[in-house]
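Here is what each chain is made of, one letter per residue.
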Amino acid sequence: MKLKAYIKLTFIQTIREFPALFLIFGVFPLLLSGVLAYVQNDAFTPKLAVSKMEIRLIDEDKTSFSQSLTDYLRSNELQKVITIANEKQKPQLEVIIPNGYGNGLISTKEASIKIKALEKGTGTELAILSQIIDRYNEEASQQLLISNSIQKLELNESEKVQLSNSINMELQKIYSSDSINSNFVTLMKSLTSYEFYSISMLGFMFIMLIMTMTAGVFTEKENGLYNRIISTSLSRNQYFDYTQVSNFIFALILNIAYVFSYRLTGLSFQGPLPLLVLIIMVQSLLATTAAGVLLAFLNKRTVMIGMNVILIAQMVLGGSFFPFEKLSSNLILKNLNNFSPDVLLNKAYKSYIIFGSFDSIKYNLLSMLFISALFYILSRIKVRVRWGER
């Protein structure tokens, strides 16, 4: 009953203050990120089409298997994106088919192909070419394995040929232009400027939310409300847990307001809805337990100073106001966001927007859940040791 009353009180307070909170956590970041995204839009133009990459082919294997790969790379399907350079041309990439490549396919062992970047700034082209060759090797190896298996079946030669041709036709779908184009779209898809700033500002608002929740509890103590609550039959441990529950509800409402202000306007977070709700819930839990561990271990002055330092670090490292990874050619600056306080949250939302699958976000979610559990356990132990049970 006490928990129910706490939850009810949280809802009433949040609804009463929702217009002001929505302006701070919903409208303001949407407008600010919208302005920043519009100004920096040219730096985020998604590249869904790839200019032709020039490659040099070196066949050291000299077998029918290496010749098949060479023919595939010269095929009409790939001529849209690949040009085989002649001796006079300077290629971007060099593909070396090493001696033993064919034997590797036959024995289903790793058939290594060496790809060298001969020009700077060809990381995307290298990734695309690597995936094309990897898929070819995988399907060629499967084709050989199936062919060997068919030869062992108790069928006459015509039946074996018919079965082999049927399977080969299915495998060749892998090499269709539709499949190749699908690979390019997946590899080349990047965040729009609005999507980038929606995630960057989310890290900023995430820290602001933690500061808001901790400030609320400190205010209760300063106003004497905390002492009045503890003077009742409610224990200090119960008070802490109830505060965590009410803070989670508060964080969930504000995070939904933030994320859905972008989703409803069509600017960002357009992936599967169940996955989006799952990320929001984990994000809210992480914010709640982070606030809880700060309340358990530190006083108000230390928390506010520390959180302001973290807020500044987030603004600089997280790209809230300057996207280093897009506008800087310096490798260190481009990777600053990997050290931002919200790196797990940032990666989860990026993977969600680009790939839209659970597999792409599960490791980040599990990491956040683990950190949340650790925060709660530490803070709960601290509360019990410091305050004891009533």
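Refer to the structure above for everything that follows.
One structure accompanies this document, and this report is about it. (Residues numbered from 1 in each chain as written. Predicted model: local features only at pLDDT ≥ 70, side-chain atom pairs only at ≥ 80, totals over all residues. Heavy atoms only, no water.)

1. Notes on unusual backbone geometry
Here is step 1: Although it is not a glycine, lysine 62 adopts a positive phi angle of roughly 55°.
Here is step 2: Tracing the chain through its elements places lysine 62 in the loop between strand S1 (53–59) and helix H2 (64–73).
Here is step 3: Relative accessible area serves as the criterion here: at 68%, lysine 62 is assigned to the exposed category.
Here is step 4: For phenylalanine 269, which is not glycine, the phi dihedral falls at a positive 55°.
Here is step 5: Looking at where phenylalanine 269 falls in the secondary structure, it is placed in the loop between helix H9 (236–265) and helix H10 (273–297). (Helix = DSSP H or I, 4+ residues; strand = E, 2+ residues; numbered from the N terminus. Buried < 20%, exposed > 50% of the residue type's maximum accessible area, 1.4 Å probe, protein only.)

2. A short note on the nonpolar core
Here is step 1: Core analysis: the largest hydrophobic core is formed by 55 residues, its most contacted members being Leu209, Ile210, Tyr258, Phe269, Tyr349 and Tyr352.
Here is step 2: Among the elements of the structure, helix H1 (2–39), helix H7 (193–222), H9, H10, helix H11 (300–317), helix H14 (343–355) and helix H15 (358–387) are those that each provide at least two residues to this core.
Here is step 3: Here this core gets 15 residues from one element, more than from any other, and that element is H7.
Here is step 4: Look past the residues within four positions of tyrosine 349 in its chain and what remains in contact with it is Ile199, Leu202, Val259, Phe269, Leu276, Ile279, Ile280 and Gln283. (Core = buried A, V, L, I, M, F, W, Y, C linked by side-chain atoms within 4.5 Å. Contact = heavy atoms within 4.5 Å.)

3. A word on the packing of aromatic side chains
Here is step 1: Taken as a whole, this structure holds 4 aromatic pairs when the rule is applied.
Here is step 2: Residues tyrosine 262 and phenylalanine 269 carry aromatic rings whose centres are separated by 5.9 Å and whose planes lie at 85° to one another, so their mutual orientation is edge-to-face. The residues tyrosine 262 and phenylalanine 269 share a single accessibility class, namely buried.
Here is step 3: Between the aromatic rings of phenylalanine 269 and tyrosine 349, the centroid separation amounts to 5.2 Å while the plane-to-plane angle is 65°, which identifies the pairing as edge-to-face. Placement of the pair is phenylalanine 269 in the loop between H9 and H10 and tyrosine 349 in helix H14, with a sequence separation of 80 residues. Here the two residues phenylalanine 269 and tyrosine 349 agree in accessibility, since each one is buried.
Here is step 4: Members of the aromatic cluster, connected to one another through ring pairs, are Tyr258, Tyr262, Phe269 and Tyr349. (Phe/Tyr/Trp six-rings, centres within 6.5 Å; stacked < 30°, edge-to-face > 60°.)

4. With respect to the pairing of strand S3 (residues 93–97)
Here is step 1: Judged by how many residues are buried, S3 sits mostly within the fold: 5 of 5 residues are covered.
Here is step 2: Because side chains alternate across S3, one face comprises the buried residues Leu93, Val95 and Ile97, and the other comprises Glu94 and Ile96, equally buried.
Here is step 3: Strand direction decides the pairing type here: S3 and strand S4 (residues 114–117), joined by 4 bridges, are antiparallel. Note on S4: the bridge partner recorded for valine 95 is isoleucine 115. (Pairing = 2+ DSSP bridges.)

5. Points about the pattern of salt bridges
Here is step 1: Evaluation of the coordinates by the stated rule reveals 3 salt bridges.
Here is step 2: Glutamate 94 is the salt-bridge partner of arginine 56, the closest N and O atoms lying 2.8 Å from each other. With arginine 56 in strand S1 and glutamate 94 in strand S3, this pair connects stretches of sequence that are 38 residues apart.
Here is step 3: A residue is classified by how much of its surface remains accessible, and arginine 56, at 30% relative accessible area, is partly exposed.
Here is step 4: Between lysine 362 and aspartate 359 there is a salt bridge whose closest N-O contact spans 3.4 Å. Linking lysine 362 with aspartate 359, this pair stays in helix H15, spanning 3 residues, or about one helical turn.
Here is step 5: Note on lysine 362: relative accessible area 24%, which makes it partly exposed. (Salt bridge = Lys/Arg side-chain N within 4 Å of Asp/Glu carboxyl O.)

6. Considerations on the packing of H7 against H10
Each packed pair of helices is defined by two parameters, the angle between the axes and the distance between the axes.
Here is step 1: Where H7 meets H10, the axes come as close as 9 Å, and the angle between the chain directions of the two elements is 45°. When the interaxial angle is binned, H7 and H10 end up oblique. Considering only the axes of H7 and H10, their crossing is right-handed. Contacts between H7 and H10 involve Leu202, Phe206, Leu209, Ile210, Met213, Thr214, Val217 and Phe218 from the former and Gln283, Leu286, Ala287, Thr288, Ala290, Ala291, Leu294 and Leu295 from the latter.
Here is step 2: Taken together, the residues that form the contact of H7 with H10 break down as 13 nonpolar, 3 polar and no charged. (Axes fitted to C-alpha atoms, helices over the stretch in contact; angles between N-to-C directions. Parallel < 35°, antiparallel > 145°, perpendicular 65-115°, else oblique. Left-handed = near helix turned anticlockwise from the far one by under 90°. Nonpolar A, V, L, I, M, F, W, Y, C, P; charged D, E, K, R; others polar.)

Function-wise, these values are silent; they only describe arrangement.
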